[in-house]
Amino acid sequence: MGYNLHLEKIFNKLPKDKIELRKIELSLTDDFKKQINIFKEFNSATKKLISEVNKTSKNATKSWDKLVKQKELLEKTQQTGYEIEDEGNDVLGEVMDAADALGVNPQAVEGYGELDKVQSEIGEELFNADDQLGNINRA
């Protein structure tokens, strides 16, 4: 106990402003440590996010390149489809003209119904292709 009394007398003789300065220094040190930890956590989270964005970006680039190739192929296929559709319209027109000249219902001609059905399906697929190309162009 005497030891504590002796220390207390020594501390009482020390100027108060030095003790307060030490408290301030300790407080600032704690603030620095806290801020350093905040920065480290933020940097870690940011690095992780940037890594994920880079990975997603690379995947998106690969997907975009594939989409561009598919678009080009779809455009070529669509053009071929329009040509086939035109040829089908010509054949259907010739059948209708020939049937009309003979006074026969064109639908009674063998294969007319099937050609008409397939022709409609091609038209529908061309419409779908056009819709998809529009979606790609908007992307």
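Refer to the structure presented above.
One structure accompanies this document, and this report is about it. (Residues numbered from 1 in each chain as written. Predicted model: local features only at pLDDT ≥ 70, side-chain atom pairs only at ≥ 80, totals over all residues. Heavy atoms only, no water.)

For the protein chain, the helix and strand inventory stands at three helices and zero strands. In the protein chain, the succession of α and β elements from N to C terminus is α-α-α. Burial status across the protein chain gives 10% buried among its 139 residues. A separation threshold of at least 6 residues defines the contact pool for the protein chain, and within that pool the share at least 24 residues apart is 70%. (Helix = DSSP H or I, 4+ residues; strand = E, 2+ residues; numbered from the N terminus. Buried < 20%, exposed > 50% of the residue type's maximum accessible area, 1.4 Å probe, protein only. Contact = heavy atoms within 4.5 Å.)

With that settled, consider the environment of Tyr112. Considering the arrangement of structural elements, one finds Tyr112 in helix H3 (residues 112-138). Each C-alpha atom, one on Tyr112 and one on Met96, is 9.3 Å from the other, the two residues being 16 residues apart in sequence. Beyond its immediate chain neighbours, meaning those up to four positions away, Tyr112 contacts Leu92, Val95, Met96, Pro106 and Gln107.

If you walk through the whole model with that rule in mind, you get one salt bridge. The partner of Lys71 in a salt bridge is Glu75, with the nearest N and O atoms 3.5 Å apart. Within this pair, Lys71 and its partner Glu75 are both found in helix H2 (residues 16-102), separated by four residues, close to a single helical turn. Look at Glu75 and you get partly exposed, because its relative accessible area is 34%. (Salt bridge = Lys/Arg side-chain N within 4 Å of Asp/Glu carboxyl O.)

Attention shifts here to the side chain of Gln119. Mapped onto the secondary structure, Gln119 falls in helix H3. There is a polar contact of 2.7 Å between the side chain of Gln119 and the backbone oxygen of Glu85. Setting aside chain neighbours within four positions, we find Gln119 in contact with Ile84, Glu85, Gly88, Asn89 and Leu92. (Polar contact = N/O pair within 3.5 Å; in protein donor to acceptor, adjacent residues only side chain to side chain.)

Here H3 is 27 residues long and its end C-alpha atoms lie 39 Å apart, about the 39 Å a rise of 1.5 Å per residue gives. Taken residue by residue, H3 has Tyr112, Gln119, Leu126, Ala129, Leu133, Gly134 and Ile136 as its buried positions. (Expected span 1.5 Å × (residues − 1).)

With that out of the way, let us pick up a negative patch on the surface. Among the surface-exposed residues, Glu83, Asp86, Glu87, Asp90, Glu94, Asp97 and Asp100 lie close enough to one another that they form a single negatively charged patch. One can find Asp90 in helix H2. (Patch = residues over 30% accessible without salt bridge, like charges linked within 9 Å, V, L, I, M, F, W, Y side chains within 5 Å. Areas by Shrake-Rupley, 256 points an atom, 1.4 Å probe, with all protein chains shown as cover. Lys, Arg positive; Asp, Glu negative; His and termini not counted. Charge placed at Lys NZ, Arg CZ, Asp CG, Glu CD.)

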